[in-house]
Amino acid sequence: MFGAGGGTSSYREIEETDCILLWGSNARETHPIFFHHLLKGVRSGARLIAVDPRHTSSARWAHLWAGLDVGSDIALANSVAREILAAGLEHKEFVEHATSGFEAFRAHVEPWTLERGERESGVPAAVIRELAHTYATAPRAMICWTLGITEHHNAVDNVLALINLALLTGHVGRYGSGLNPLRGQNNVQGGGDMGALPDRLAGFQHVENEPLRQRFEAAWGVPIPPKKGWHLTGMFEAMERGELTHLYVLGENPMRSEADQHRTRKLLEGLEFLVVQDLFRTATAEAADVVLPGSASWCEAEGTVTSSERRVQRVRRALPPPGEARDDLEILFEIARRLGHDWGEPSAERVWDEVRRVSPAHAGMSYARLEAEGGLQWPCYDEEHPGELFLHSRLWERPVVGPRAPFHCLEHDPPVDRLDEEFPLRLTTGRRLEDFNTGVQSGGYVYPRRRGETLDLSPEDADRLGVAEGERVRVRSRRGAVVAPVHIDESLRPGLTFMTFHFPEEVATNLLTIDATDPVSGTAEFKAAAIRVERLAAGDSAERRDRSERNDLVEAT
């Protein structure tokens, strides 16, 4: 937030805050460890507000549920902000001394009355009012979000809308108040910290900033291109233009995880050369020219891992990689050697010490300190620094140290894939507790709760369509169709459906999703596709044809 690529707060704070706004996150199933911390806060008296289109297992713990229409987050946030201002609940001193752009923001949200908020978001006006007053009047409050906010064509604007609420109420930069994106996979935070972003070097230092870039050039002894690169969506667009012809994929399965799977398959198979380095022979690896069997970093490698609270911890090898698999670091060192650069013997600690030299935020985190203290939170500037429990306390200094935090005037922009008579149902996607992403890591295990892929329908929609639990139906979007069994889910409102990506060999959900992407983050709008549901008679030739198409897709990839 505000230039730092991580959440502002610590897990301990969620246990001691007074209000938790869980927006676009079913953390009970997708972030279960974090949710235990959240429940400690609830049991200590914090009020939990869940903002989610579905009445999820997380929402069942909430004191208040705001069931918004998919893609109406900005509309709801603007209406909440307007109600806070109308009631005089803004933190006037913080707004005056620590922010910029407030008067323009006030004017921008003025038309967003409770009634308009209800009309555009589907959340009752009384619920919007209670949400606004509860959050604004809490002594301490935190906003947490995940992919329900970011997997939209206007993902960055969605995040900025939440930041506006924190600035308006002064709920940032102090203990127990903050803004926290929950990371969806192990060490996603660490990947970003190390520079696995198109415009950043380690420590979130911008590649186009010449003094920062020169620090890395001096350490590495080579020039670094002074322009930002492509994010994932940009890479696929470059494949279409013929500008990207060779690809090296590490620990990713885009053949199954990317939106609009027909397009993804065509582009990956059209590459001149594809290398995949992974634990498993994924669908992407099946299309590769070279497959490099890597290691399981949590038990077969040395190194570090960084959590959503910016805590860096040591990882230790418990056993060697099996068979011909090798430590990922060893693979990269060997490739460098064959390209004419001898980096010496692979050493995770030596690589980490290099990170400490080039990233001021990590400078004080020696292996010895990480082991002795059970991990440290960045920024940690030297060996005496304890690490920062929370970020942006500077906003409470008078005068403010550094730039003020800006408000943003944001327009409500509904999902790209519009609903109409032909495609009247909204499909949103996500994960379940017992499975993970495309199923590569979790699909090989037996689990009694696993039911396979389903199209989840509200009882009202199931009744209207005349379909029963377990009945196979065809699900069709503007991009493709799949056949899936029905599951009737009382957590869904009429008009809303739900599927996962966990079983792509059975049901290729990403044949349905749209690749409309956010222009800044490059994230596709996985959360909002328009679909229709078609009944199939037993032995219907269309069902056999859809099964055949699915089998052809699996065999081809």
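The structure under discussion appears in the preceding block.
What comes next is a walk through the structure.

Before going further, it helps to examine the pairing of strand β5 (residues 141-145). With respect to burial, β5 is a largely interior element, five of its five residues being buried. With burial as the criterion, each face of β5 is covered, one bearing A141, I143 and W145 and the other bearing M142 and C144. Where strand β1 (residues 19-23) lies against β5, five bridges are found, and the strand directions are parallel. Pairing of W23 across the sheet is with W145, part of β5. Two strands pair when backbone bridges link them, and β5 and strand β6 (residues 178-181) are joined in this way by four bridges, in the parallel orientation. Each residue of the ladder has a partner; that of M142, found in β6, is G178.

In the contact formed by helix α13 (residues 232-241) and helix α15 (residues 261-269), the axes pass within 10 Å of each other and the chain directions differ by 60°. As α13 packs across α15, the resulting crossing turns out to be left-handed. Contacts from F236, E237, M239 and E240 of α13 reach α15 at R263, T264, L267 and L268. Looking at side-chain class alone, the contact of α13 with α15 contains four nonpolar, one polar and three charged residues.

Its location among the elements puts M235 in helix α13. Separated by 244 residues in the primary sequence, M235 and R479 place their C-alpha atoms 21 Å from one another.

Glancing now at the side chain of T509. Its place among the elements puts T509 in the loop between β20 (496-500) and β21 (529-535). For T509, a relative accessible area of 2% puts it in the buried group. If we ignore the near neighbours within four places in the chain, the residues touching T509 are T429, E453, M499, T500 and F501.

Locating E411 in the fold gives a position in the loop between β15 (405-406) and β16 (425-430). The exposure class of E411 is exposed, given its relative accessible area of 54%. Separated by 253 residues in sequence, E411 and N158 have C-alpha atoms that sit 9.9 Å apart. If near-sequence neighbours (up to four positions away) are discounted, E411 is found in contact with I74 and H108.

What counts and what doesn't
- Residues numbered from 1 in each chain as written.
- Predicted model: local features only at pLDDT ≥ 70, side-chain atom pairs only at ≥ 80, totals over all residues.
- Heavy atoms only, no water.
- Buried < 20%, exposed > 50% of the residue type's maximum accessible area, 1.4 Å probe, protein only.
- Helix = DSSP H or I, 4+ residues; strand = E, 2+ residues; numbered from the N terminus.
- Pairing = 2+ DSSP bridges.
- Axes fitted to C-alpha atoms, helices over the stretch in contact; angles between N-to-C directions.
- Left-handed = near helix turned anticlockwise from the far one by under 90°.
- Contact = heavy atoms within 4.5 Å.
- Nonpolar A, V, L, I, M, F, W, Y, C, P; charged D, E, K, R; others polar.

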